[in-house]
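Take a look at the letters that make up each chain.
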Amino acid sequence: MLTPLLISRYTATSCIGTGLDTTRDALKHCRSGLRQCDFESVTLDTWIGRVPGLERMTLLPALADYDCRNNRLALLGLMQDGFIDAAIAAVQRHGAQRVAVLLGTSTSGILETELAYRHRDPVTGALPAEFHYRGSHNIFSVAEFVRQAIGAAGPAWVISTACSSSAKVFASAARLLNAGLIDAAIVGGVDSLCLTTLYGFNSLELVAPEPCRPYDPERSGISIGEAAAFALLERAPDTLPADAILLAGYGESSDAHHMSSPHPQGLGARMAMEQALAGAGLSPGQIDYINLHGTGTRGNDSAEGLAIKTLFDHPPPSSSTKGATGHALGAAGGLEAVFCALALADGLIPGSPGTRTLDPSIDIDYRIRPQPARLGHVLSNSLGFGGTNCSLVFSRADARTEP
Amino acid sequence: MNANRSPLSASILALGVIGPGFDDWAAARAVLAGDAPWRRESTRLPIPGLLPPAERRRVGAVVKLAIGVGMQAVTAAGADAAQLATVFASAGGDGANCHAICETLAGDDRMISPTRFHNSVNNAASGYWGIAAGAMASSTIISAYDGSFAAGLIEALALAHSLQQPVLLVVYDHPYPEPLAATRKLLDAFGVALLLDPIATDGPRVRIEGLTTDASDVLPDAALDAVRSGIPAARCLPLLALLAQGRSGRVVLDYLDETRLAVEIDQ
């Protein structure tokens, strides 16, 4: 069993809210932040979850080499809910080398590379001189940026396993904490809109021409979003407030089936959920809510639904929040971890904007409308291209101590 | 640096190496032990038999490198790839695929091919490995710029410690095509694989000592050290040299700018 770890601070920024206050309000009122695609020069007939204002942001001169949409979004996210101050305080409390920065992203600052390719030297083909590979394109850029912004000097890396990236960083951090290599970790995910994912998912006929409708029989694909979500993980002290949020378990698996479609029976997803439950020392019946991966593609929702139906005799209430935020890809796991923390703290089952009716062929307890509920343990699924699966279990402190 | 000895250690059951001037661990070991001269030759990429023919046509050079070097270690140990958890680490990704996508997106017709897109995920090698090997255990891909080997070693040993099972670490880098190559220079392709078993007691033992600000170890042969410093995945070469020479000792590897990783080898 995993020793539960304290999530001492968390924050999220997505199209439904910059910081927790607006995010909470949107979840409570089932508000979607999706809009018809107005990103860059993209002409696709689709809806996106765009975080407003990134185009006008600037970074401090000392961090100017890291200027790209992804790192602007990272900074905007860090600055919400006092997170950056809490991270700096953790560095001071534990010592810089004892604080890790482990983040997930799928596309890093690729948008800047895409734009640079429009301005190649007509003679030599060279990229413009202002293109800065290490600060934008390189997949590690966002972790390097965040560790510099907060002064951490512990282990750092980026996990880039498509849509499970920022769920898997929680597992990595838990292992480093439990091995005694670190005393705290900044984990989370940052992923931002770019042409590669919009046109790429379009090439696979996986983007919906309307706001996505997870678990709806008429679902026709994803809406792509962007987000920055961060959590500060530390060892839990002996006594905790009742509403403290804990990372209680994690599970990771591979489908070994196909690069871009899930195992049809959701076998890999089921293995990840089973491991997460075992790590948390919980039986399926003790889970009060599942935040589904629920992308709104035909394949994902039916496979994930099947995995849940076979693992849970009586599936608990579940929903996908992607109708609210869109699919934040490499940031989705982190974003939805924060939604799970909010659900536990506030006692709220989030709803599913966009979903109108439920697919009758998927036999789970899917909730379209938000609903107050006393939640003790919740599960979050993140499943991605390449057949990568990660499930996380979060608990309230008072649910861990109750008999 | 740390008062307590790190519990992150494992026996190295087998290695795979593919780089400039060596096609496998036997060739690299001979060079690093001083038993054979090193000649700079371009890295020869393998055609991994693990991949079915259709997949072989679909994947890029980077994936072939990763799977080929990973299979060297699995085969040498007589292990079953289907049972292994894997940690992949790379400083970059599939530059050729990325270049092709960016060229298309900069043109008038932005329709990229589905295969190009699903090959663009950074976990392409991990995904193809899982499919080809039938491996359903945990698999990941991590990056830490020039320190990706050190990061991968920490993650792999932490995973092995937590699972109490063998973990295959595969670290690889492949140069970008132009114009990206001008912004990120890599000397050549390099891949290394270590099959790490936390339970086994035979074979050389690798242990994380901790982070340090000590200077990184270098190779005495300047030409060979240029490989170490010229390819992020090759930053492991001082560790491989110790293994090749059958010596125990401490080795300091490049990790993050001001922070390096101290590793102990016992054999």
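Residues numbered from 1 in each chain as written. Chains lettered and ligands numbered in written order. Predicted model: local features only at pLDDT ≥ 70, side-chain atom pairs only at ≥ 80, totals over all residues.

Okay, the nonpolar core next. Soluble globular proteins: nonpolar side chains tend toward being buried together. In this structure, A:A185 and A:F394 are the most contacted members of the largest nonpolar core, which totals 243 residues. When sequence neighbours within four positions are dropped, the list of residues in contact with A:A185 reads A:V99, A:A100, A:L102, A:A173, A:L176, A:L177 and A:L233. (Core = buried A, V, L, I, M, F, W, Y, C linked by C-beta atoms within 7 Å. Buried ≥ 20, exposed ≤ 12 C-beta atoms within 10 Å, placed from the backbone. Contact = placed C-beta atoms within 7 Å.)

It is worth spelling out the environment of B:V62 at this point. All names here are of chain B. Within the secondary structure layout, V62 lies in helix α3 (residues 61–77). Owing to 25 C-beta atoms within 10 Å, V62 belongs among the buried residues under this scheme. Sequence-distant contacts of V62, defined by excluding residues within four places in its chain, comprise D94, A125, Y172 and H174. (Helix = DSSP H or I, 4+ residues; strand = E, 2+ residues; numbered from the N terminus.)

For the rest of this paragraph, the subject is the pairing of strand β6 (residues 205–212) of chain B. All names here are of chain B. Bridge count between strand β1 (residues 9–18) and β6: 3 bridges; the pairing is antiparallel. Pairing of S9 across the sheet is with R207, part of β6. Judged from the 7 bridges that link them, β6 and strand β8 (residues 259–266) form a sheet pairing that is antiparallel. The residue bridging G210 from the neighbouring strand is A262, located in β8. (Pairing = 2+ DSSP bridges.)

At the junction of the two partners, chain B supplies 55 residues and chain A supplies 54 residues. Those elements that provide at least two residues to the side of chain B that touches chain A are α4 (95–106), α5 (114–119), α6 (124–133), β3 (139–143) and α7 (148–163) of chain B. Take the side of chain B that touches chain A: its biggest share by element is 7 residues, from α7(B). Here the side of chain B that touches chain A is composed, by residue class, of 29 nonpolar, 20 polar and 6 charged. Here strand β6 (residues 156–159) of chain A pairs with β3(B) via 2 bridges, running antiparallel. Each residue of the ladder has a partner; that of A:I159, found in β3(B), is B:I142. (Nonpolar A, V, L, I, M, F, W, Y, C, P; charged D, E, K, R; others polar.)

What follows deals with unusual backbone geometry. Generally, phi is negative for residues other than glycine and the peptide bonds are trans, each holding for most cases. Omega for the peptide link from B:E178 to B:P179 comes to 5°, which places this bond in the cis form. Turning to its location among the elements, B:P179 is positioned in the loop between β4 (167–173) and β5 (190–197). With phi around 55°, A:C30 is a residue other than glycine that occupies positive phi space. Structurally, the position occupied by A:C30 is in the loop between α1 (20–28) and β3 (35–36). The phi dihedral of A:Y215 falls on the positive side, at around 60°, and the residue is not glycine. Here A:Y215 lies in the loop between α8 (195–203) and β8 (224–225). A residue is classified by how many C-beta atoms lie within 10 Å of it, and A:Y215, with 28 of them, is buried.

Residues and elements named next belong to chain A. With 8 of 8 residues buried, strand β15 (residues 377–384) is to be regarded as a mostly interior element. Burial along β15 is two-sided: H377, L379, N381 and L383 facing one way and V378, S380, S382 and G384 facing the other are all buried. Relative to strand β16 (residues 388–396), β15 runs antiparallel, the two being bridged by 8 bridges. Its bridge partner being in β16, S382 is matched across the sheet by C390.

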